[in-house]
Amino acid sequence: MVGRIPSDSQLSTSQFNLVGRSVVTLDDITASQISYLLRKASFISEHLPEVSHAAAGKILATLFYEPSTRTRLSFETAMLRLGGHVIGFSSAQNASVSKGESISDTLKTVSNYADVVAIRHPKEGAALVASKAASVPVINAGDGGHMHPTQTLADLATLQSRFGRITDLTVGLCGDLTFGRTVHSLIETLCRFGHVKFVLVSPKELTMPQYVLDRINASDSCSYEEVTDLTAVIGDLDVLYMTRVQKERFFNEDDYLRLRDTYILDADKLRLAKPTMAVLHPLPRVNEIATEVDDDPRAAYFEQVKNGMLMRMALMSSVVGAPLPGFADDSDENVEVHA
Amino acid sequence: MVGRIPSDSQLSTSQFNLVGRSVVTLDDITASQISYLLRKASFISEHLPEVSHAAAGKILATLFYEPSTRTRLSFETAMLRLGGHVIGFSSAQNASVSKGESISDTLKTVSNYADVVAIRHPKEGAALVASKAASVPVINAGDGGHMHPTQTLADLATLQSRFGRITDLTVGLCGDLTFGRTVHSLIETLCRFGHVKFVLVSPKELTMPQYVLDRINASDSCSYEEVTDLTAVIGDLDVLYMTRVQKERFFNEDDYLRLRDTYILDADKLRLAKPTMAVLHPLPRVNEIATEVDDDPRAAYFEQVKNGMLMRMALMSSVVGAPLPGFADDSDENVEVHA
Amino acid sequence: MVGRIPSDSQLSTSQFNLVGRSVVTLDDITASQISYLLRKASFISEHLPEVSHAAAGKILATLFYEPSTRTRLSFETAMLRLGGHVIGFSSAQNASVSKGESISDTLKTVSNYADVVAIRHPKEGAALVASKAASVPVINAGDGGHMHPTQTLADLATLQSRFGRITDLTVGLCGDLTFGRTVHSLIETLCRFGHVKFVLVSPKELTMPQYVLDRINASDSCSYEEVTDLTAVIGDLDVLYMTRVQKERFFNEDDYLRLRDTYILDADKLRLAKPTMAVLHPLPRVNEIATEVDDDPRAAYFEQVKNGMLMRMALMSSVVGAPLPGFADDSDENVEVHA
């Protein structure tokens with residue numbers, strides 16, 4: 001996916017123009033465009049009735065080769081709340097993939113039906129293949145890893161909504177930092193904007209991969225520290241991004257059981273945190289955040305769900321070229337890029 | 001679920017106000033509100049074009065953890081015919097439940113997407129759990145037993161439509177009265193309105209449970225008789241509610257085969273009935289009503305399907321707060337409660 | 001299905017009136033009505049925004065007892081692009097068919113929900129049974145064989161769109177002509193219009209059945225020749241309709257491997273064809289057309305997908321009685337029937 005970053009000079013009418021653009025990774029769009037989407041999502045949040053016909057007549061195809069109810073329903077709700085329609089399938093067994101059709105042929109077919117495609121596929125690279133075959137924009141809803149660009153956009157929108165900015169924050173990431181691709185993507189994207197201090201909290205078995213640390217080091221205004229004890233650092237954090245520590249990552253069950261509780265957020269640990277800290281989690285949550293935390297005002301993970309829907313509304317309205325009544329496309333207020 | 005019956009004094013602007021109300025069982029709404037829904041469904045039936053945009057922009061989520069095509073399509077059609085949208089899943093294998101997410105978390109997530117939820121789940125109590133977690137109204141589309149409130153509402157609407165009333169009727173219930181929770185719910189609800197004579201027709205192996213008989217006895221204006229022979233009583237009935245006698249309810253196949261035919265409604269038995277009798281059945285029907293009965297004007301079971309859709313339109317428009325053009329919400333004409 | 005061909009005198013207001021009509025096979029509609037649908041699809045193609053509310057409030061039910069994503073999404077897109085709604089299921093495992101309900105009962109139920117039904121079922125004859133039980137129009141989306149009337153309509157629309165006519169053409173059909181019911185249906189329908197020369201290209205093991213040859217012979221203005229070598233005849237063709245040669249049709253793998261390549265269309269073979277030839281294929285394609293052909297202007301198989309959607313829009317708007325703004329229903333210009 002090297003070389004897919006568009007230069008601003010390729011953009012037709014405005015630096016923010018995303019019409020027809022596929023988004024396989026966030027490298028497909030500029031930091032300015034991400035800021036633009038954050039502004040747009042914030043506008044949508046305040047103007048849901050006004051935008052409810054913006055994409056009238058547009059069709060989203062959700063091609064989910066593996067089930068992901070949360071993500072699928074978020075995309076579908078986003079298109080419906082823009083006044084558009086939805087077609088698609090929710091798992092490969094309901095699709096005709098048993099007949100051996102290639103992803104490319106499916107996308108060439110679906111390009112005749114839909115104005116934008118959200119694809120989820122178990123194989124890494126499937127979304128890129130799809131985007132090359134389709135004649136309409138394709139948005140990666142997850143291929144292989146569970147990272148996908150609109151998850152990271154949801155995370156950013158939650159920071160923006162809680163703090164009014166996505167910079168000048170101390171961001172703790174806790175749990176499985178080795179395999180948790182969601183947090184890798186969030187760090188990489190925050191580094192494009194800069195001015196973030198990362199606090200990486202994990203067992204020794206599950207530390208952050210070197211290439212992510214290198215990415216942080218490459219950003220002058222970003223830094224990190226690695227710790228194993230959440231309670232020792234939780235008081236410093238503006239943001240705590242929790243992830244699940246999965247049993248299957250450990251060689252023996254004893255290690256898992258010993259470590260698991262250390263990385264569970266409960267009311268006791270939360271008492272040590274700032275009153276303004278925001279707790280994020282990509283969901284689904286199993287037991288890594290105690291349900292007693294849900295009613296704490298710092299719990300932001302169900303807000304994240306709403307922000308994901310709003311960012312998908314912002315992104316889809318942009319790539320299908322549906323202008324939002326009352327939203328100034330070319331305004332550049334609030335755009336902050338200091339990478 | 002004891003204590004969930006709201007008192008009328010809790011209702012905000014009118015005794016019929018159902019905005020935001022979850023309906024797990026019919027005990028969640030008053031008899032007056034049921035009468036109100038019957039009036040509303042009757043209005044909708046005559047004004048489908050006028051109400052076709054009443055719920056514009058509203059989203060129904062159908063969360064079906066087990067398949068039930070008939071019920072799901074009825075809910076979905078109801079929302080679409082009100083001008084709203086639909087998201088959801090049709091079976092657990094298409095949902096992400098394999099990831100171990102709790103029903104509560106799913107409902108907290110979906111509350112960000114939808115304005116009303118219809119849930120179907122194999123486990124008893126799931127709908128109550130869902131209604132407590134959700135921030136939007138939840139309607140039970142079946143959990144555990146196959147009884148659910150909108151089935152009973154469909155039954156009531158069919159009586160109302162055929163007879164102009166749901167009281168002063170002789171109602172026969174025939175077949176499996178032990179396990180047929182649909183008929184238990186219908187009896188309990190009719191007893192809230194009173195003035196019904198029940199004729200309970202079943203083999204000795206499948207008689208009505210005592211708690212249902214107690215409920216009838218508790219209503220001064222209701223009474224019952226228990227018989228084993230349908231042909232002996234069919235001539236007395238205003239309503240004949242058929243249910244399926246399932247093979248697996250019997251200890252040996254001989255008993256099943258001997259009894260089964262006694263409880264099959266065919267043209268011969270129907271000849272003994274009043275010309276105005278209405279035959280109801282919750283569907284799906286296997287062989288307990290011969291297909292030769294379908295074209296008889298007394299067959300009301302496919303009308304019941306339509307009435308179910310109309311009652312779901314009445315209920316959903318009420319709980320999402322979508323006023324119907326031309327329908328007077330606060331009128332109390334036709335409301336009859338004599339329980 | 002003998003005797004289901006309606007005479008024009010049965011048609012109510014115009015010879016083209018299809019309101020309420022089920023289409024199980026193309027014998028259910030007259031050649032004039034097919035021409036009318038071709039005209040209508042061509043109009044729709046040029047007036048998508050104008051027809052985008054034509055079927056507002058109408059509901060399509062897609063009852064797919066076996067998965068067929070391409071066909072299902074085509075029907076659903078067609079209804080959505082007419083401004084209607086969609087309900088349904090995409091495979092039997094998501095439906096309640098395990099409860100043993102008959103197709104007739106399902107259709108009687110769904111007739112209360114939908115204004116038109118598209119049914120796909122593994123058993124031959126299921127669509128006819130469905131059409132007899134339903135009180136709304138039923139369109140066969142495939143039962144048993146993979147032939148279904150809207151596939152043939154898509155093929156005809158592709159000829160009409162490429163050549164401005166469906167007569168006076170040399171049409172090659174290549175591959176599995178024995179079991180390929182799509183090509184049988186296309187031939188039979190073209191013979192109703194006449195003036196086509198068929199070139200039948202297949203291995204000896206997979207030649208055209210005698211009853212199809214008889215049908216061609218019964219049309220004075222049609223003729224055919226049978227050959228085994230595609231390269232020898234490709235230069236004569238206006239149309240080349242490719243089908244898949246399936247391994248399981250052969251007694252031994254050697255025969256399959258030897259013959260398969262002969263019936264693969266690639267750039268080399270295409271070099272021998274007329275510059276205006278159109279390549280059709282019902283899709284999904286496995287390897288019988290090399291992907292290098294896709295970008296050749298003669299490749300018409302993804303256009304066929306779009307034409308299928310347009311014909312489904314034409315057909316569904318006709319059977320539900322949704323007039324298209326600006327389209328003159330009773331005009332008979334361009335209707336050519338010389339069978």
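This structure is a prediction, so every number in the text was calculated from the model and none was measured.

### Let's talk about the packing of helix α2 (residues 69–81) of chain C against helix α11 (residues 301–319) of chain C
All names here are of chain C.
Piece 1. Two elements in contact, α2 and α11, have axes separated by 8 Å at closest approach and are oriented at 55°. When the axes of α2 and α11 are compared, the pair comes out oblique. The hand of the α2/α11 crossing is right-handed. The residues of α11 that touch α2, namely those facing Thr71, Ser74, Phe75, Thr77, Ala78, Met79 and Arg81, are Gly308, Met309, Arg312, Met313 and Met316.
Piece 2. For the contact of α2 with α11, the class distribution of residues is six nonpolar, four polar and two charged.

### Some words on the sheet that holds strand β9 (residues 278–280) of chain A
Residue and element names in this part refer to chain A.
Piece 1. Taken in spatial order, the five strands of this open sheet run β7-β6-β5-β8-β9, and their pairing is parallel. Both edges of this open sheet fall to β7 (223–227) and β9, since each of them pairs with a single strand only. Strand-to-strand twist across the sheet, computed as the mean angle between neighbouring axes with direction ignored, equals 20°.
Piece 2. Packed on one face of the sheet, helix α5 (residues 149–163) meets β5 (169–174), β8 (239–242) and β9 and runs near 170° to β9.
Piece 3. Each of β6 (196–201) and β7 touches helix α7 (residues 210–217); the most contacted strand, β7, lies at about 145° to it.

### Topic: the packing of aromatic side chains
All names here are of chain B.
Piece 1. Taken as a whole and judged by the stated rule, the model has 15 aromatic pairs over all chains.
Piece 2. Taking the centre distance of 5.2 Å and the plane angle of 50° together, the rings of Phe43 and Phe327 count as tilted. Placement of Phe43 in helix α1 (residues 31–46) and of Phe327 in the segment after α11 (301–319) is noted, with a sequence separation of 284 residues between them.
Piece 3. Under the relative-accessibility criterion, Phe327 is labelled buried at 13%.
Piece 4. Their ring planes at 85° and their centres at 5.2 Å tell us that Tyr65 and Phe89 sit as a pair that is edge-to-face. Highlighted residues: Tyr65 in the loop between β1 (59–64) and α2 (69–81) and Phe89 in strand β2 (residues 85–89), separated in sequence by 24 residues.
Piece 5. Taking the relative accessible area as the measure of exposure, Phe89 reaches 4% and is therefore buried.

### So, the interface of chain A and chain C
A common way to state how big an interface is: give the accessible area lost once the parts meet.
Piece 1. Each partner contributes residues to the interface: chain A has 21 residues there, and chain C has 25 residues.
Piece 2. Carbon and sulfur atoms supply 48% of the area buried between chain A and chain C, which totals about 2,100 Å² over both sides.
Piece 3. Between chain A and chain C we count four salt bridges in total.
Piece 4. We note a salt bridge from Arg70 of chain C to Glu101 of chain A, for which the minimum N-O separation is 2.5 Å.
Piece 5. In this assembly, chain A and chain C are joined by eleven residue pairs in polar contact (both at pLDDT 80 or more).
Piece 6. Where the side of chain A that touches chain C is concerned, the elements lending two or more residues are β2 (85–89) and α3 (103–110) of chain A.
Piece 7. Tallying contributions element by element places β2 of chain A first for the side of chain A that touches chain C, with five residues.
Piece 8. Residues belonging to the side of chain A that touches chain C are distributed by class as follows: eight nonpolar, eight polar and five charged.

### Here we look at the interface of chain C and chain B
Piece 1. The partner chain B presents 26 residues to the 21 residues of chain C that form the contact.
Piece 2. Among the salt bridges present, the one from Asp294 of chain B reaches Lys108 of chain C, with a minimum N-O distance of 2.8 Å.
Piece 3. Applying the counting rule to chain C against chain B returns eleven residue pairs in polar contact (both at pLDDT 80 or more).
Piece 4. Elements that contribute at least two residues to the side of chain C that touches chain B include exactly β2 (85–89) and α3 (103–110) of chain C.
Piece 5. Element by element, the count of residues in the side of chain C that touches chain B is highest for β2 of chain C, at five residues.
Piece 6. When its residues are assigned to classes, the side of chain C that touches chain B shows eight nonpolar, eight polar and five charged.

### Examining the side chain of Arg70 of chain B
Piece 1. Secondary-structure assignment places Arg70 of chain B in helix α2.
Piece 2. Side-chain polar atoms of Arg70 of chain B contact the side chain of Glu101 of chain C, separated by 2.5 Å.

### Looking at the relation of the copies chain A and chain C
Piece 1. At an RMSD of 0.0 Å, chain A and chain C line up after a rotation of 120° and a shift of 0.0 Å along the axis. This pairing of chains is accounted for by a three-fold axis.
Piece 2. A share of only 10% of interface residues in chain A that are also interface residues in chain C marks the association as one of differing surfaces.

### Focus on the relation of the copies chain C and chain B
Piece 1. The operation relating chain C to chain B is a screw motion whose rotation component is 120°, with 0.0 Å of axial translation and a residual RMSD of 0.0 Å.
Piece 2. In this assembly, only 10% of the residues forming the interface of chain C have copies in chain B that are likewise at the interface, indicating a heterologous arrangement.

### Observations concerning the domain arrangement of chain A
All names here are of chain A.
Piece 1. Splitting chain A by domain gives domain 1 (13–147 + 307–323) and domain 2 (149–303).
Piece 2. Computed over C-alpha atoms, the centres of domain 1 and domain 2 are 27 Å apart.
Piece 3. Counting residues at the interface gives 26 residues for domain 1 and 22 residues for domain 2.
Piece 4. In this assembly, domain 1 packs against domain 2 so that about 2,000 Å² is buried in total across both faces, 65% of it on carbon and sulfur atoms.
Piece 5. The interface formed by domain 1 and domain 2 holds two salt bridges in total.
Piece 6. Two residues, Arg181 and Glu124, come together in a salt bridge whose shortest N-O distance is 3.6 Å.
Piece 7. At the surface where domain 1 touches domain 2, the tally comes to five residue pairs in polar contact (both at pLDDT 80 or more).
Piece 8. Elements with a contribution of two residues or more to the side of domain 1 that touches domain 2: α1 (31–46), α2 (69–81), β4 (138–143) and α11 (301–319).
Piece 9. Residues belonging to the side of domain 1 that touches domain 2 are distributed by class as follows: 13 nonpolar, nine polar and four charged.

### Observations regarding the confidence of the model for chain A
All names here are of chain A.
Piece 1. Chain-level pLDDT for chain A is 90 on average; 91% of the residues reach the 70-or-more range.
Piece 2. Low pLDDT (under 50) marks residues 1–12, which in the prediction has 20 contacts with non-local residues, meaning those over four places away or in another chain.
Piece 3. Across residues 332–339 the pLDDT falls below 50, and counting only partners more than four positions away or on other chains, this stretch makes 27 contacts in the model.
Piece 4. With a pTM of 0.93, the predicted complex shows an ipTM of 0.91.

### Regarding helix α6 (residues 181–193) of chain C
All names here are of chain C.
Piece 1. The first and last C-alpha atoms of α6 sit 19 Å apart over 13 residues, in line with the 18 Å expected at 1.5 Å per residue.
Piece 2. Across the 13 residues of α6, eleven count as buried, placing the element largely inside the fold.
Piece 3. Those residues of α6 hidden inside the fold are in contact with α1 (31–46), α5 (149–163), β5 (169–174), β6 (196–201), α7 (210–217) and β8 (239–242).
Piece 4. In the stretch just after α6, Gly194 is the one whose phi turns positive, near 80°.

Rules behind the numbers
- Each chain carries its own residue numbering, running from 1 in the direction its sequence is written.
- As they are written, the chains are lettered A onward and the ligands numbered 1 onward, keeping that order.
- In keeping with the predicted nature of the model, local features appear solely for residues at pLDDT of at least 70, side-chain atom pairs appear and are counted solely at 80 or more, and the whole-chain, interface and lining totals rest on all residues.
- With hydrogens and water set aside, each side-chain value is computed from the structure's full complement of heavy atoms.
- Only the stretch in contact is used when a helix axis is fitted, and all axes are lines through C-alpha atoms; the angle between N-to-C directions ranges over 0 to 180 degrees.
- Numbered from the N terminus, helices here are DSSP runs of H or I no shorter than four residues, and strands are runs of E no shorter than two.
- Convention used here: angles under 35 degrees read as roughly parallel, angles over 145 as roughly antiparallel, angles from 65 to 115 as roughly perpendicular, and any remaining angle as oblique.
- Each helix crossing is assigned a hand: it is left-handed if the near helix lies turned anticlockwise from the far helix by less than a right angle, otherwise right-handed if that turn is clockwise.
- Two residues qualify as a contact provided that any one of their heavy atoms is within 4.5 Å of a heavy atom in the partner residue.
- Note on residue classes: Ala, Val, Leu, Ile, Met, Phe, Trp, Tyr, Cys and Pro are nonpolar, Asp, Glu, Lys and Arg are charged, and everything else, Gly too, is polar.
- DSSP-based pairing: two strands are paired if at least 2 bridges between them are found.
- Stacked, edge-to-face and tilted labels apply to pairs of Phe, Tyr and Trp rings (six-membered ring for Trp) whose centres lie within 6.5 Å, assigned for plane angles under 30 degrees, over 60, and everything in between, in that order.
- Each residue is placed in one exposure class: buried if its accessible area under a 1.4 Å probe, protein chains only, is under 20% of its type's maximum, exposed if it is over 50%, and partly exposed if it falls in between.
- By buried area we mean the combined loss of accessible area, with a 1.4 Å probe, across both parts when two parts are placed together.
- For salt bridges, the criterion is a side-chain nitrogen of Lys or Arg within 4 Å of an Asp or Glu carboxyl oxygen.
- Here a polar contact is recorded for every N or O atom pair within 3.5 Å, except that within protein the pair must consist of a potential hydrogen donor and a potential acceptor, and residues adjacent in sequence are included only if both atoms are side-chain atoms.
- The atoms used to superpose the copies are C-alpha atoms, taken from residues with pLDDT of at least 70 in both, and the fit is least squares.
- A domain assignment, automatic or from a database, supplies the domain bounds used here.
- A score between 0 and 100, pLDDT records how confident the predictor is in each residue.
- Here the expected length of a helix is defined as 1.5 Å per residue gap, with one fewer gap than residues.

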